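# Remarks on the overall topology
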Amino acid sequence: MSTSTQSVGRRPQLAALNPVAKLAAVLPAVVLALFTRDIATPAVIVIAAAPVIIVGARLRPRAILIGGAIILLAGAWTTASFALLTRPEVVAGTPVVIDGWITLHAGALCTGMATSLRLIAMMLLALVGSLGTTTSALVSALVRQGRVPYRFAYGAVAAVRFAPRYRQDLLTIRAAQRARGIIDRRGPVGYLTRTRRSLIPLLAGGARHAERLSLGMDARGFGAHPHRNDRHPAVLRPSDVLFIFAVWSGVAAIFVITNALGLLTFGTGMAGPGW
């Protein structure tokens, strides 16, 4: 008992939360961030979400550095791409930042930066709602708190788990073909040849796996009763409710403050006023 209690106590905070509670907490924030067109609101969301991810998931310094570098590079690329795609006549009244083989206005750069920050904010919010969530915990929470019929929940999980199995079967098939001396040349033609040769064995293996899976589910009485018990059922604790209201309150405070300062604008365009 003591070992089990210690193992549960060492779990990261985000992993200990109810999966449905995490989704309910971040989904409104993601929707609101999707329609913002300013720079300040998604920037504040990024600054607030980053510590939650680092502390809640107990990320190691190396993971923090690698993740930060990827986010910075992706943000810089997105900013430059959307700035170059902004219509020049829309931002013609703003100062010119670059005047050479291309003309880049400050308004276009702000549009690209707002779009980049919006995407990063949505990605970090999605990480807050998904980090530490296991498949079994998500299914149990969807069935118990989300009121999703367990036939659909477990059926969807079984379908999702086909993808890594198909990948492993494909690697096994190609390794067996190479062992038999079947080696294709490089390039697109060789790739198409390997794909055509592996398609039938891959589909046959998938059909056999689906048949074994269906027989196993029938043997366990899947679908025979309206309800099904879980070995580790998901429960909604007071900490989950507190997390939901904390996220909602924080996001609401961010939008109220930015709106009061006149920084918040809403719109339907994905790339801001320059698109």
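Before reading further, recall that the structure is shown in the block above.
Residues numbered from 1 in each chain as written. Predicted model: local features only at pLDDT ≥ 70, side-chain atom pairs only at ≥ 80, totals over all residues. Heavy atoms only, no water.

Turning next to the packing of aromatic side chains. With the rule as written, the count across this model stands at 1 aromatic pair. Both rings, one in F245 and one in W248, keep their centres 5.8 Å apart while their planes meet at 75 degrees; by these two values the pair is edge-to-face. In this pair, F245 and W248 both sit in helix α11 (residues 238–260), 3 residues apart, roughly one turn of the helix. Of the residues examined, F245 reaches a relative accessible area of 48% and is grouped as partly exposed. (Phe/Tyr/Trp six-rings, centres within 6.5 Å; stacked < 30°, edge-to-face > 60°. Helix = DSSP H or I, 4+ residues; strand = E, 2+ residues; numbered from the N terminus. Buried < 20%, exposed > 50% of the residue type's maximum accessible area, 1.4 Å probe, protein only.)

An ideal rise of 1.5 Å per residue puts 36 Å on 25 residues; helix α6 (residues 106–130) measures up with 36 Å between its terminal C-alpha atoms. With its phi angle positive at about 80 degrees, G132 sits one or two positions after the end of α6. (Expected span 1.5 Å × (residues − 1).)

Right, let's talk about unusual backbone geometry for a bit. Glycine aside, a negative phi is what most residues show, and trans is what most peptide bonds show. Located in the positive-phi region is R58, a residue other than glycine, with phi close to 55 degrees. Looking at the element boundaries, R58 is found in the loop between α4 (40–56) and α5 (61–85). Accessibility expressed as a relative area gives 43% for R58, which makes it partly exposed. Non-glycine residue R147 carries a positive phi angle of around 60 degrees. Along the chain, R147 turns up in the loop between α7 (135–144) and α8 (150–160).

Turning our eyes to something else, we now look at the environment of A25. Within the secondary structure, A25 sits in helix α3 (residues 19–34). Given a relative accessible area of 1%, A25 falls into the buried group. Counting along the chain gives 147 residues from A25 to T172, while the straight-line C-alpha distance between them is 42 Å. Look past the residues within four positions of A25 in its chain and what remains in contact with it is F243, I244, V247 and W248. (Contact = heavy atoms within 4.5 Å.)

Just geometry here; none of it tells us what the structure is for.
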